[in-house]
Amino acid sequence: LAQECLCSSCAPRARFLGSLLSALTMEMVSGVNTMALQDLSFVLCDTEVQGYPIRFASRGFERLFGYSSSECFGRTCGLVVGSESILQNDLGSIAEVSGLSPEDTASALRVLRGHVSEEVQKMACEKRGFSIMVNQAKAGNFIPCELDLRFLEHPRLGWTYCVGVQSDITSSLSVRDLLRTATRVPVAFGAL
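Figured I'd write up the structure that's included with this text. (Residues numbered from 1 in each chain as written. Predicted model: local features only at pLDDT ≥ 70, side-chain atom pairs only at ≥ 80, totals over all residues. Heavy atoms only, no water.)

## Looking at the pattern of salt bridges
Where charged atoms from two side chains of opposite charge approach closely, those side chains can pair.
Moving on, step 1. All told, the structure shown has five salt bridges when counted by the stated rule.
Moving on, step 2. For Asp46, the salt bridge identified is with Arg55, shortest N-O distance 3.5 Å. There is no split in this pair, since Asp46 and Arg55 are both buried.
Moving on, step 3. In this structure, Arg128 and Asp148 form a salt bridge, with 2.8 Å as the shortest nitrogen-oxygen distance. Remark: Asp148 occurs in strand β4 (residues 142–153) and Arg128 occurs in strand β3 (residues 128–136); sequence separation between them is 20 residues.
Moving on, step 4. Accessibility expressed as a relative area gives 41% for Arg128, which makes it partly exposed.
Moving on, step 5. Via salt bridges that share partners, Arg128, Asp148 and Arg150 belong to a single interconnected network. (Salt bridge = Lys/Arg side-chain N within 4 Å of Asp/Glu carboxyl O. Buried < 20%, exposed > 50% of the residue type's maximum accessible area, 1.4 Å probe, protein only. Helix = DSSP H or I, 4+ residues; strand = E, 2+ residues; numbered from the N terminus.)

Listed below in structure tokens is the structure:
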């Protein structure tokens, strides 16, 4: 599972692993409408490898963010759609959206990233975490997302993994409002 190469000989293994993990997740979520599950935006991340690299991205994730599962394989969410990628590649654009200075925008993104990191650590102990963050789709648009994290272990294989469900919450919270709030009250962010 630690293999992160996407060369022509490894890519089929990645696709197979993604299919296997998808089937395992559907098996783990008994009683859930599998058609609804297919539309859900989620990733399966390997908790046994530092950084929790993505091992599978759902069709819903592919539609929401524009990245194929194979483009995500072996990379962390932060480097694909999250604040690490935004800070490295598109700080100016998100600063324009937020109406904040690039420095304040970077600070807000770091606050949000810090909260996600806290929730990931919490998830390892409590088996669940929750956060709100700003992600960026491949097309360049920014999306405020609710993140629901679940730490699971496959009952037969003993393999531990994380399911990260990301929901677009644009209809209830704008990127601008989220970043401005994170800038003003970083200590109280958990209350959002």
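## Some remarks on the pairing of strand β5 (residues 160–168)
Each regular strand carries side chains that alternate between the two faces of the sheet.
Moving on, step 1. With respect to burial, β5 is a largely interior element, seven of its nine residues being buried.
Moving on, step 2. Bridging between strand β1 (residues 42–46) and β5 involves five bridges; their strand directions are antiparallel. Paired with Cys45 across the strands is Cys162, a residue of β5.
Moving on, step 3. Inspection of the sheet shows β4 paired to β5 by nine bridges, in the antiparallel sense. Within β5, the residue paired with Glu153 across the bridge is Thr160.
Moving on, step 4. Here β4 folds back onto β5, and the loop between the two strands holds six residues, one of which, Gly158, carries a positive phi near 75°. (Pairing = 2+ DSSP bridges.)

## A few points about the packing of aromatic side chains
Moving on, step 1. By the definition in use, this model includes three aromatic pairs.
Moving on, step 2. On the numbers, 6.0 Å between centres and 50° between planes, the contact of Phe42 with Phe56 is tilted. Of the two residues, Phe42 sits in strand β1 while Phe56 sits in strand β2 (residues 54–57), which places them 14 residues apart along the sequence. Across the pair, Phe56 and Phe42 agree in class, each one buried.
Moving on, step 3. Ring geometry for Phe61 against Phe65: centres 4.8 Å apart, planes inclined by 55°, an arrangement best described as tilted. Residue Phe61 and its partner Phe65 are located together in helix α3 (residues 59–65), separated by four residues, close to a single helical turn.
Moving on, step 4. By relative accessible area, which is 1% here, Phe65 ends up buried. (Phe/Tyr/Trp six-rings, centres within 6.5 Å; stacked < 30°, edge-to-face > 60°.)

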